[in-house]
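Next come the chains, spelled out residue by residue.
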Amino acid sequence: EIGERYPQVWAAWQADPLTVSPPGGETLAQVAARLQSVFDAIVEHHADQCVALVSHGGPLRVLLCQALGLPPQMHWRFQVDPASISELGVCEGEAFVIRLNDTAHLAQPSGSPSRAELILVLGGARSGKSGFAQQLAHDLGGERVLFVATAEAGDEEMQRRIERHRRDRPARWRTLEVQREVGAA
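The shown structure was predicted, so the numbers you read here are calculated from the model rather than taken from an experiment.

### Side note on the overall build of the protein
Within the protein one finds six helices and four strands. In sequence order, the protein lays out its α and β elements as α-α-α-α-β-β-α-β-α-β. Counting only carbon and sulfur atoms, one obtains 54% of the accessible surface of the protein, whose full area is about 13400 Å².

### Digging into the pairing of strand 3 (residues 146-149)
Burial along strand 3 is one-sided: Phe-147 and Ala-149 are buried, and none of Leu-146 and Val-148, which face the opposite way, are. Sheet topology places strand 3 next to strand 4 (residues 174-177); four bridges connect them, and they run parallel. In the strand pairing of strand 4, Val-148 is matched with Leu-176. Note on the crossover from strand 3 through helix 6 (residues 156-168) to strand 4: the handedness is right-handed.

### Some words on the nonpolar core
Core analysis: the largest hydrophobic core is formed by nine residues, namely Leu-28, Val-31, Ala-32, Leu-35, Phe-39, Val-62, Leu-63, Ala-67 and Ala-95. Put simply, the parts of the chain that give this core at least two residues each are helix 3 (28-45) and helix 4 (57-68). Among the elements that take part in this core, helix 3 stands out by supplying five residues, more than any other. Leave out the neighbours within four places in its chain, and Val-31 touches Glu-26 and Val-62. Ala-137, Val-145, Ala-149 and Trp-173 belong to the second-largest nonpolar core, a separate cluster that totals six residues.

Quick notes on the rules
- Residues numbered from 1 in each chain as written.
- Predicted model: local features only at pLDDT ≥ 70, side-chain atom pairs only at ≥ 80, totals over all residues.
- Heavy atoms only, no water.
- Helix = DSSP H or I, 4+ residues; strand = E, 2+ residues; numbered from the N terminus.
- Areas by Shrake-Rupley, 256 points an atom, 1.4 Å probe, with all protein chains shown as cover.
- Buried < 20%, exposed > 50% of the residue type's maximum accessible area, 1.4 Å probe, protein only.
- Pairing = 2+ DSSP bridges.
- Right-handed = clockwise from strand over helix to strand, strands pointing away.
- Core = buried A, V, L, I, M, F, W, Y, C linked by side-chain atoms within 4.5 Å.
- Contact = heavy atoms within 4.5 Å.

Next up, the structure:
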């Protein structure tokens, strides 16, 4: 619709989103500079506090880029759903992602499909992540599950855990067991 109403502005913005602004709006560079100053002030004045920012998805995506040292043009690579929670930690001035676009606190009607295409569950050995991941895949994936298991059996107990997890996974799921080079598998 915007492209139809304002074809020249749309074409210019598509070619250079960093320095072209919509009529009456800010450029991406201006938004990024404004959000960088907000982030810097929070880190400087509230280092030992929990700070909650509530905003629209676009500025939050740009803020994620700014905090993580990414160019603001990469903000489209983050999905920030309405009412989602994204959490950053900061250690010695460096930000790291704790959770991103978490909507688990929102009730999802039973049987409604998830929009999730890829869910990563990370944790250390014997942390409970396999059981959690299997439950999450069951709840969100339904019949469309490719379960990637990456554990290595370093001892007999771990071998028993791996075998138990294999038995617990539904036969209808596709399972890929690979310890290294997961992306190539």
